[in-house]
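This is what each chain is made of:
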Amino acid sequence: MSLHPGPILGIETSCDETSAAVWADGEIRSNVVASQIALHRQWGGVVPEAAARAHVESVVPVLEAALSEAGLSVGDLKGVAVTNRPGLVGALNVGVTAAKTLASFHGLPICAVHHIEGHLLSAFIEHRELPMPTLALVVSGGHTELVLVRAFGRYEVLGETLDDAAGEAFDKSARLLGLGYPGGRAIQERATGGNPERYRLPQGLEGDTRNFSFSGLKTAVMRLVDLEGDSLDLTDAAASVQHAIVSVLADRTARTAEDLGVRAVALVGGVAANQALRDRLAMRCARLGAAFSVPAMEYCTDNAAMIAFAGAFRLGRGEDDGLEFDVHSNAELPSVTSPASG
Ligand code: KG4
Ligand code: ZN
């Protein structure tokens, strides 16, 4: 596998971060992120129309900042990579329009990247040596998937959530507990020093499965809030929610790694920022003798560095998607070799 030397501009606008990054000479040279968290906080979640409008406002300044931080100008670029699926259609369209305009003006090859492929490959930006196959747990606000990465571009989805994503479970529980938005970080902070066994919460599917389910947790938290009222200990409740989510993610991933005999496990996506999850999965992998890798924090939450890196891989293989590709709210991972199995 030979990565394109660049410079490649990556663009990401699939949800609530406007991001641009530059890949050049075998490394990420800049990664600029304009977050919309403050905007969406007033509604307690991402409002698609507002997200698209905010992307329109920030996309050009963010592109300029990424180029300038990398010490480059548009004329230096050799390719463009942009997230075109899955995500909010209005939001995706802003990044894709910017990318196509650049590519068409400057006669550059362009690569349409699947957002989850970006998250998967983020594990390799700083750890190119991770042994294949690597088992990756992708956990974000919209996704919870267990994917076997056989090689760059060869992915096998082994398990996934049947309902809410792990990040969604954090966000919804935080809202029910009145802990604010976004919920993952709020729960992690509130859980410090709390007793994770104080409140017993369901961990979703039992038994020998590689899938996940988090909708029962939300219902249980709702019931807990109703039942306990003012006597609810928020610190213990946050610790219990975090424990319920983290333990099922870490344990199921470790068990799958053991079953498959893989030598490396990667934790990627926004929820990979969670310290309890990092610690538990690291401990489980150490016991198995498997390498454990988690990207730097800036490559966990949505970012364009992972999109530029995926672009370096795809453009390096000579792929060029041209200017006709569309955006999609839902899409399978490219080159999936086998369907999800329970
Ligand atoms: O990957 P990401 O930035 O966006 C999506 O593609 O969805 O992930 C955002 C999710 C949110 O649900 C947020 O609550 C969660 O990541 N998150 C965390 C933490 N930081 C962000 N969840 C748990 N613990 C954290 N420290
Ligand atoms: Zn994401």
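Everything that follows concerns the structure shown earlier in this document.
Residues numbered from 1 in each chain as written. Chains lettered and ligands numbered in written order. Predicted model: local features only at pLDDT ≥ 70, side-chain atom pairs only at ≥ 80, totals over all residues. Heavy atoms only, no water.

Participant: For this particular structure, what's the right way to read the packing of aromatic side chains?
Facilitator: Both the distance between ring centres and the angle between the ring planes are used here to describe each pair of aromatic rings. Enumeration according to the criterion identifies five aromatic pairs in this entry. On the numbers, 5.9 Å between centres and 75° between planes, the contact of Phe-152 with Phe-309 is edge-to-face. Here Phe-152, found in the loop between strand 7 (144-151) and strand 8 (154-160), pairs with Phe-309, found in helix 11 (residues 305-316); they are 157 residues apart in sequence, far enough to count as distant. Residue Phe-152 is classed as buried on the basis of its relative accessible area, which comes to 10%. (Phe/Tyr/Trp six-rings, centres within 6.5 Å; stacked < 30°, edge-to-face > 60°. Helix = DSSP H or I, 4+ residues; strand = E, 2+ residues; numbered from the N terminus. Buried < 20%, exposed > 50% of the residue type's maximum accessible area, 1.4 Å probe, protein only.)

Participant: Explain the site of ligand 1 to me, please; I cannot follow it from the model alone.
Facilitator: Around ligand 1, the structure places 18 residues, and the nearest of them are Gly-141, Asp-171, Gln-188, Gly-270 and Asn-274. Between ligand 1 and the protein, one listed contact pairs an oxygen atom with a side-chain N or O atom of Asp-171 at 2.7 Å. Interatomic distance of 3.0 Å between a backbone N/O atom of Gly-270 and an oxygen atom of ligand 1. Expressed as a share of its isolated accessible area of 550 Å², the protein-covered part of ligand 1 is 90%. Residue assignment for the shell around ligand 1 shows that the elements contributing at least two residues are helix 4 (115-125), helix 5 (166-176) and helix 6 (183-191). At four residues, the largest contribution of residues to the shell around ligand 1 is made by helix 6. For the shell around ligand 1, the residue count by class is three nonpolar, 12 polar and three charged. (Near = heavy atom within 4 Å. Polar contact = N/O pair within 3.5 Å; in protein donor to acceptor, adjacent residues only side chain to side chain. Areas by Shrake-Rupley, 256 points an atom, 1.4 Å probe, with all protein chains shown as cover. Nonpolar A, V, L, I, M, F, W, Y, C, P; charged D, E, K, R; others polar.)

Participant: Help me out: how do you make sense of unusual backbone geometry in this one?
Facilitator: Glycine aside, negative phi is the norm for most residues, and most peptide bonds take the trans geometry. Between Met-132 and the following residue, Pro-133, the backbone shows a cis peptide bond with an omega angle of -5°. Between Tyr-181 and Pro-182 the backbone carries a cis peptide bond, its omega angle lying at -10°. Position of Pro-182 among the secondary structure elements: in the loop between helix 5 and helix 6. Residues other than glycine seldom take positive phi values, yet Asp-25 does so here, at roughly 50°.

Participant: How should I be thinking about the environment of Ala-264 in this particular structure?
Facilitator: Examined against the element boundaries, Ala-264 turns out to sit in strand 9 (residues 264-268). Looking at Ala-264, the relative accessible area reads 0%, which means it is buried. The sequence separation of Ala-264 and Gly-289 amounts to 25 residues, and the corresponding C-alpha distance is 8.9 Å. Excluding residues within four positions of it along the chain, Ala-264 makes contact with Leu-130, Pro-131, Pro-133, Thr-134, Leu-135, Ala-290 and Ala-291. (Contact = heavy atoms within 4.5 Å.)

Participant: In this structure, what is going on with the sheet that holds strand 1 (residues 8-12)? I would like to understand it.
Facilitator: The pairing of strands in a sheet comes from backbone hydrogen bonds and takes either a parallel or an antiparallel form. One open sheet accounts for five strands, arranged 3-2-1-4-5; its pairing is mixed. Each end of this open sheet is capped by a strand with a single partner; those strands are strand 3 (27-35) and strand 5 (110-114). Taken pair by pair, the neighbouring strands of this sheet meet at an average axis angle of 20°, ignoring direction. Across five bridges, strand 1 lies against strand 2 (residues 17-24) in antiparallel orientation. Looking across to strand 2, one finds that Ile-11 is bridged to Ala-20. Against the sheet, helix 2 (residues 48-69) makes contact with strand 1, strand 2 and strand 3, and its axis sits at roughly 25° relative to strand 2, the strand it touches most. Against the sheet, helix 3 (residues 89-106) makes contact with strand 1, strand 4 (79-85) and strand 5, and its axis sits at roughly 155° relative to strand 4, the strand it touches most. (Pairing = 2+ DSSP bridges. Axes fitted to C-alpha atoms, helices over the stretch in contact; angles between N-to-C directions.)

Participant: Explain the pairing of strand 9 here, please?
Facilitator: Successive side chains on a regular strand alternate, one facing one side of the sheet and the next facing the other. Where burial is concerned, most of strand 9 is hidden: five out of the five residues are buried. Here five bridges tie strand 6 (residues 134-139) to strand 9, and the two strands are oriented parallel to one another. Paired with Val-138 across the strands is Val-268, a residue of strand 9. Across three bridges, the pairing between strand 9 and strand 10 (residues 291-293) is parallel. When the sheet's bridge partners are listed, Ala-266 is paired in strand 10 with Ser-293. Where the polypeptide runs from strand 9 across helix 9 (residues 275-288) and back to strand 10, its parallel neighbour, the crossover connection is right-handed. (Right-handed = clockwise from strand over helix to strand, strands pointing away.)

Participant: How do you make sense of the sheet that holds strand 9 when you look at a structure like this?
Facilitator: What the five strands build is an open sheet, ordered 8-7-6-9-10; its pairing is mixed. The open sheet has two edge strands with one neighbour each: strand 8 and strand 10. Within this sheet the neighbouring strands show an average axis-to-axis angle of 20°, counted without direction. Docked against the sheet, helix 9 engages strand 6, strand 9 and strand 10, running at close to 175° with respect to strand 9.

Participant: Mind showing me how you'd approach the side chain of Arg-85 here?
Facilitator: Here Arg-85 shows up in strand 4. Glu-117 provides the closest opposite charge to the buried, unpaired Arg-85, separated from it by 5.9 Å. Here Asn-84 takes part through its side chain, which lies 2.8 Å from a polar atom of the side chain of Arg-85. At 3.4 Å, the side chain of Arg-85 forms a polar contact with the backbone oxygen of Ala-112. Excluding residues within four positions of it along the chain, Arg-85 makes contact with Leu-92, Ala-112, Val-113, His-114, His-115, His-328, Ala-331 and Pro-334. (Lys, Arg positive; Asp, Glu negative; His and termini not counted. Salt bridge = Lys/Arg side-chain N within 4 Å of Asp/Glu carboxyl O.)

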